[in-house]
Amino acid sequence: RKPMAVGIRRAFRAFAKRCYRSRSYGPASTYRKFFFTNLCQWPSNRSSVKTSRFLPRRRGFAYTVSAEEFSQRVDSLMEILQDTLDDDDLPFEDIDFSSGVLSIVTSQGVWIVNKHSASRQVWVSSPVSGPSKFEFLPEEKQWVSEREDKTRLYDLLSSEMTDFVGKEIKFIDTF
């Protein structure tokens, strides 16, 4: 093996690890193509290379607020959901909250609202729309889906619950 090839191989492995850690998954061929296309643009002094130039930007609530603020936001969200849905008139079989997970059991299926502290997101599993991840946008003060449609958590839950119950469900407060 030539020393240059070994150096490039090592640099590629380091690059692939950074991509994996930043949750930028894709086929290895994509990493190779991106790596070797940008390799010729790197300056000779490797220490001055900013990896953020080559990797996707981290975004979302996870990197803008502290863990305490995230916990406060999610706790208030869970309280609003529990207070609204714990009504005896609603046809939910069981509503259970433990360890940051709210489970709403119905005859149609189970809605699960989960606090995911590591990514500072709220994960929702719905029998109607399937799994979704929501991030809090501080500018808008709303939980918004990561999907392309940018659905608000409030709109998703209120429309799905309203369709299931047959009457409009108004949450105590917006979230």
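Residues numbered from 1 in each chain as written. Predicted model: local features only at pLDDT ≥ 70, side-chain atom pairs only at ≥ 80, totals over all residues. Heavy atoms only, no water.

Caption draft 1: Quick look at a negative patch on the surface. Judged by side-chain charge, Asp75, Glu79, Asp83, Asp86, Asp87, Asp88 and Asp89 come together as a negatively charged surface patch. Its location among the elements puts Asp89 in the loop between helix H3 (67-85) and strand E1 (94-98). (Patch = residues over 30% accessible without salt bridge, like charges linked within 9 Å, V, L, I, M, F, W, Y side chains within 5 Å. Areas by Shrake-Rupley, 256 points an atom, 1.4 Å probe, with all protein chains shown as cover. Salt bridge = Lys/Arg side-chain N within 4 Å of Asp/Glu carboxyl O. Lys, Arg positive; Asp, Glu negative; His and termini not counted. Charge placed at Lys NZ, Arg CZ, Asp CG, Glu CD. Helix = DSSP H or I, 4+ residues; strand = E, 2+ residues; numbered from the N terminus.)

Caption draft 2: Quick look at unusual backbone geometry. The residue Lys141 is not glycine, and still its phi comes out positive at about 55°. Examined against the element boundaries, Lys141 turns out to sit in the loop between strand E5 (130-137) and strand E6 (142-145). A relative accessible area of 55% places Lys141 in the exposed class. (Buried < 20%, exposed > 50% of the residue type's maximum accessible area, 1.4 Å probe, protein only.)

Caption draft 3: Local environment of the pattern of salt bridges. This model, assessed by the stated rule, comprises three salt bridges. Residue Arg152 pairs with Asp155 through a salt bridge whose shortest N-O separation is 3.8 Å. The exposure class of Arg152 is partly exposed, given its relative accessible area of 23%. The closest approach of N and O atoms between Lys170 and Glu168, which form a salt bridge, is 3.6 Å.

Caption draft 4: Just H3, in detail. The terminal C-alpha atoms of H3, which comprises 19 residues, lie 27 Å apart, in line with the 27 Å expected from a rise of 1.5 Å per residue. If you check which residues of H3 are buried, you get Phe70, Val74, Leu77, Met78, Ile80, Leu81, Thr84 and Leu85. Take H3 and look down its axis: the buried residues cluster within an arc of 155°, on one side only. The exposed set on the far side of H3, more than 90 degrees from its buried face, consists of Glu68, Gln72 and Asp83. The inward-facing, buried residues of H3 abut E1, strand E2 (101-105), strand E3 (110-116), strand E4 (121-126), E6 and helix H4 (153-165). (Expected span 1.5 Å × (residues − 1). Arc of directions from axis to C-beta. Contact = heavy atoms within 4.5 Å.)

Caption draft 5: Just the pairing of E6, in detail. Burial along E6 is two-sided: Gln142 and Val144 facing one way and Trp143 and Ser145 facing the other are all buried. Relative to E6, E5 is paired through four bridges, and the arrangement is antiparallel. In the strand pairing of E6, Phe134 is matched with Ser145. Linking E5 back to E6 in an antiparallel pair, the connection comprises four residues, with Lys141 at a positive phi of about 55°. (Pairing = 2+ DSSP bridges.)

Caption draft 6: Layout of the side chain of Ser132. Mapped onto the elements, Ser132 comes out in strand E5. Polar contacts involving the side chain of Ser132 include one to the side chain of Arg147, which spans 3.4 Å. (Polar contact = N/O pair within 3.5 Å; in protein donor to acceptor, adjacent residues only side chain to side chain.)

Caption draft 7: View of H4. In this model, H4 (13 residues) spans 18 Å end to end at C-alpha, consistent with the 18 Å of a helix rising 1.5 Å per residue. For H4, the complete set of buried residues consists of Leu153, Tyr154, Leu156, Leu157, Ser158, Glu160, Met161, Phe164 and Val165. Summarising the contacts, the buried residues of H4 are in contact with H3, E2, E3, E4, E5 and E6. Following H4 by one or two positions, Gly166 has its phi on the positive side, about 95°.

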